[in-house]
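Listed here are the chains, written in short residue letters.
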Amino acid sequence: MSQLISARSSLAAMLFLLLSAAAAAVATPQAQAGGACHNDIIALRTTCYEYVQEGGRTMPPSANCCATLMGLTNVPCVCDYLGSDLAVDLDKVFYAGRHCGVAVPRGCGGQ
């Protein structure tokens, strides 16, 4: 009888571990997408902000900014962010994209 209880306990523990692993696997892509978006936004702020900020003149972006634009991993999330950032001139965003050879998706930032 104790062997049966021990086997049931082992089976229950194994099922719990499998379900936990499955739940983690399902949650991981969303967490990675959110993390990628956050990383993209920080990289853009660091390398491109001076070229897309409101005010001032329009100037060609740096090679670092272009590299950041080319390396974006979560473009839809970044576009949503750009639409909510009041200190970013979206015309300059599109200019920077064209200058770097990066197609900014239609509707990005609400434009």
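Residue numbers here run from 1 along each chain, matching the order of that chain's written sequence. Per-residue local features are limited, in this predicted model, to residues with pLDDT of at least 70; the limit for side-chain atom pairs, both in listing and counting, is 80 or more; totals at the level of whole chains, interfaces and linings are taken over all residues. Side-chain numbers here rest on the full set of heavy atoms in the structure, without hydrogens or water.

Chemist: What should I look at first to understand the state of the cysteines in this one?
Modeler: Linking two cysteines covalently through their sulfur atoms gives a disulfide. Cysteine sulfur atoms are paired as a disulfide whenever they come within 2.5 Å of each other. All chains considered together, the criterion is met by four disulfides. A sulfur-sulfur distance of 2.1 Å marks the disulfide that ties Cys48 to Cys65. Its torsion about the S-S bond being 115°, the disulfide of Cys48 and Cys65 is classed as right-handed. In this pair, Cys48 is assigned in the loop between α1 (2–47) and α2 (49–52) and Cys65 in helix α3 (residues 63–70), connecting sequence segments 17 residues apart. To sort residues, take the accessible area from a 1.4 Å probe on protein chains only and compare it with the maximum for the residue type: under 20% means buried, over 50% means exposed, and anything in between is partly exposed. Residue Cys65 is classed as buried on the basis of its relative accessible area of 0%. There is a disulfide in this structure between Cys66 and Cys100, and the S-S distance comes to 2.0 Å. With the S-S dihedral at roughly -70°, the linkage between Cys66 and Cys100 falls on the left-handed side. With Cys66 in helix α3 and Cys100 in helix α5 (residues 90–100), this pair connects stretches of sequence that are 34 residues apart. The class for Cys66 is buried, based on a relative accessible area of 11%. Only DSSP runs of H or I reaching four residues or more are called helices, and only runs of E reaching two or more are called strands; each is numbered from the N terminus.

Chemist: Help me understand the nonpolar core, please; the structure alone is not making it clear to me.
Modeler: Looking at soluble globular proteins, one finds that nonpolar side chains tend to be buried together. Grouped together as the largest cluster of nonpolar side chains are 20 residues, with contacts concentrated most on Leu44, Leu69, Val78, Leu82 and Val93. Among the elements of the structure, α1, α2, α3, α4 (75–84) and α5 are those that each provide at least two residues to this core. When residues in this core are grouped by element, the largest group, five residues, is from α5. When checking whether two residues touch, look at their non-hydrogen atoms; a contact exists if any pair is within 4.5 Å. The contacts of Leu44, once residues within four sequence positions are left out, are Tyr49, Thr68, Leu69, Leu72 and Val78. Residues belong to a common nonpolar core when they are buried Ala, Val, Leu, Ile, Met, Phe, Trp, Tyr or Cys residues joined through side-chain atoms within 4.5 Å.

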